[in-house]
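An overview of the molecular structure
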Amino acid sequence: MKLTKKHFSPNRVALVSKFLTVLCLIAMVPALARGQLSYSLDSDGHGFIVTAYNGAGSAVTIPDTGGLNLPVTGIGTNAFYTNSIIRSVDMPSTVTNIDAAAFFGCTGLNRVTITISTNFTLPAIVASIGTSAFAFCTSLTNITVPDRITRITDSAFYSCTSLPSISIPTNVVEISGSAFGFCTSLNNMLLPNRVLSIGGSAFYYCTNLATFTMSTNATSIGDSAFYQCSRLTSLNLPGSVASIGGSAFELCSGLKSIAIPDAVITIVSNTFFNCTALTSLTLPANLISIGDSAFNSCSSLTNLAMPQSVTNIGDYVFAFCRGLKGITISTNLTTTGNNTFFGCSGLKSLTLPNHVTTIGDSALAFCSGLTNIFIPNSVTTIGAAAFDACSSLASLTLPNSVTNIGDSAFEFCRKLTNITMSAQVASIGASTFYNCSGLTSLTVPNSVTNIGNSAFVGCSNLTSLYFQGNAPALGTNVFTSVNASAVVYYLPGTSGWGTHYGGLPTVELGAPVNCGSPGVGASGFGFTVTGGNNQVAVVEASMSLAAQNWQPIQTNTLNGTPINFTDSHWTNYPSRFYRIRIQ
C-alpha cells in the first residue's frame, strides 16, 4: 500500500509514539544501565532495584529514579557484594527494601549522606533489610535503622567489627540468627519491648558487649545467642522467657549473676559452659532437666540449690566447678549422669537422695576434697571410675542395694582405709581399688564371683582380705604390689581355696587346731600340732593356768600336716601348762 500524508495524522503519530515507548520499556526489562549503576524492574513494575555497581569511585550516589521516571525502590541481592572500594553511599528516600547481601563484604563502607562522618542512615521508608545485607562491612561505625523495620534478619550486620552501638527500632519483634555475630566493637544494646525472640548466635562473639537491656516481653533466646560475650557481667531475663538455647551463654567469662525465669523447664546442653565468673545462680522453680555440661567449668560457683522438680541431669553438668562447696540435690533425681561433678575439687560433702539408682561413670572423679558422701539404699549401680582420685575420701559404706560396681570405681583413693561392701555386689571390676594405698583390710561378701584385672594393684598397705564365700574367679595381676605380708582368709565349708590365692597365702578362718601324741622324748616334753593351711600357731607356756604372763615358746605356720613341738626346758619348772594361740 502506498502511504500518503493522511496516514500520519496527529492522533496516529501519538499512538505510534506510545507504542514505541512501550516497546522500549519492554526492551529494558530485566536490566537497565545508567552510568555506573545497573538496575532491574521491581516485582510490581513500579520502580527499579539497583543490581550492581560498575564504577571505580569510592563515593556512590544512588539517584531518585532509575529511568523512565520510575523511582529507585530497592538495593538488590549482592548489589555491592564484596566491593572493597566504596566508602560512602548516598541513598534516596524512595528506597524501601535492601535485599540479601546487598553490601556484604564492603569492608571500606563507613558512611552515607553528604555529611562528613562515619554514619550510615537508611531512608525512613525502608521496610526490610535482607539477609547478610551489611555483613562484613568492617569499617561501619554507626547505622540508623528506620522505624518501619520489624525484623533484623539473619546475619544482617554480621562481622561489622567497627560498629560500637546500634539503635533498634521500637517496632522490631525479632533479632534473627547471627544478626550481630562477631560485632566485636559492639559495647551496648537496648532491645525494645516488642522483641519476642533472639535468634541463634545473634550476638555471637560480641566480645566487648558489656551492657545489654533485654526486652521485657522476650520469650526465647536461641542457641549460642551470647556465645563468648566475655564482658557481659549480668543480664536481667524477664519472666516471659521460656526457652534458652544450647550454649546461649557459653564462654561468657565475665557473667557474675543470672536468675533463670520460672517459665524455663529445661536447661539444655552447654548453656552456661565456662562462665568462670558466675557466683550467683537462681534456677527456675519448675525446672525438670539440666542438659550436658550446662554449668561445666563455672569455677566461681560456690553453692547451688536444685529445685525439687528436677528429675534428670545430664553428663558433665557441674564438671570442673572447682569452687563448688555445697549443693542441694533434688529429692526426685534418679540418676547423676556421667562425669556430673568431675573435678569439683572444692566439694567436701554430698548427700544423694533416695530416688537415685545410678551413680554415673566418673560422676565424682577427681573430687579431691570430698570427705563424706551418703549413698542411699536405692542405688544399684556405681559406674566406672565413679570415685576415681577422690584422694580425701577415708571411709565409704555401700548399701546392700548395690549390685554393680564399674571398673576403676575407687582407683587412686589413697586415703580410703575403710569400705563396707554391699552384700549383693556380684563382681569387683578391673582396677576397682587400684592404688588405694591407705586400704589395710577388706571384707569381700559371698555374692562376689569375679575379681577383675589389677583390682588391688598398688594397695601397698593391704594386709588382710576376708572372703565370706567361695573363691571368686581371678583376673590377671590382681594383687600386684600389695603389702608383702598380705594374707587371704576364708571360711570353713567354702570351696575353691588352695594354699595360695592370686599369689597370696590363704588361711582358713576357724579351722580347728589339734594337739596330739603328747609324751617325753630324748629332746624333752612334746606333742604334735595340726591345723589349716597357713594358720600361724603360737605355742605358749605358763606355770599356772591363772597366770597372765604366758610366754611364747614356738611359732609355727601350719600346712595341714602335723608339726612337732618340743620343750627341752620343761624339767626346769615344777609344773608347766601349754596353750596354742592362732595369730
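To be clear, the structure that these remarks concern was listed above.
Residues numbered from 1 in each chain as written. Predicted model: local features only at pLDDT ≥ 70, side-chain atom pairs only at ≥ 80, totals over all residues. Heavy atoms only, no water.

Reading across the sheet, the three strands line up as β21-β23-β25 and stay open at both edges, with parallel pairing between neighbours. Two strands lie at the open edges of the sheet, namely β21 (266–267) and β25 (312–313), each paired on one side alone. Summarising the sheet, strand β23 (residues 289–290) and β25 pair through two bridges and their orientation is parallel. Looking at β25, one finds that Ser289 is bridged to Asn312. (Pairing = 2+ DSSP bridges. Helix = DSSP H or I, 4+ residues; strand = E, 2+ residues; numbered from the N terminus.)

Pairing in this open sheet of five strands is mixed, and the strands run β35-β37-β39-β41-β40 from one edge to the other. Because the sheet does not close on itself, it has two edges, and the strands there are β35 (441–444) and β40 (500–501). In this structure, strand β37 (residues 464–467) lies alongside strand β39 (residues 487–490), joined through four bridges in parallel fashion. Note on β39: the bridge partner recorded for Phe467 is Tyr490.

Ranked by internal contacts, the top residues of the largest apolar core, which has 146 residues, are Phe203, Phe226 and Phe456. Mapped onto this core, the elements with two or more residues apiece are β2 (37–41), β3 (48–53), β6 (70–75), β35, β37 and β39. Setting aside chain neighbours within four positions, we find Phe456 in contact with Ile428, Phe433, Leu442, Ile451, Leu462, Leu465, Val478, Phe479, Thr480 and Val482. One finds Val529, Ala537, Val539 and Leu558 within the second-largest nonpolar core, a separate group that totals seven residues. (Core = buried A, V, L, I, M, F, W, Y, C linked by side-chain atoms within 4.5 Å. Buried < 20%, exposed > 50% of the residue type's maximum accessible area, 1.4 Å probe, protein only. Contact = heavy atoms within 4.5 Å.)

This part is about the pairing of β2. A large share of β2 lies buried, amounting to four of its five residues. The pairing of β2 with β3 spans five bridges and is antiparallel. When the bridges of β3 are listed, Ser38 appears paired with Ala52. A loop of six residues connects β2 with β3, the two strands running antiparallel in sequence, and Gly45 in this loop sits at a positive phi of about 75°.

So, about unusual backbone geometry. Positive phi is not limited to glycine here, since Phe136 has a value of about 65°. Structurally, the position occupied by Phe136 is in the loop between β10 (128–129) and β11 (142–144).

So, about the side chain of Ser178. Topologically, Ser178 is positioned in the loop between β13 (174–175) and β14 (188–190). Residue class for Ser178 comes out buried when judged on its relative accessible area of 17%. Ignoring any residue separated from it by four or fewer positions in sequence, one finds Ser178 in contact with Ser155, Tyr158, Gly200, Ser201 and Ala202.

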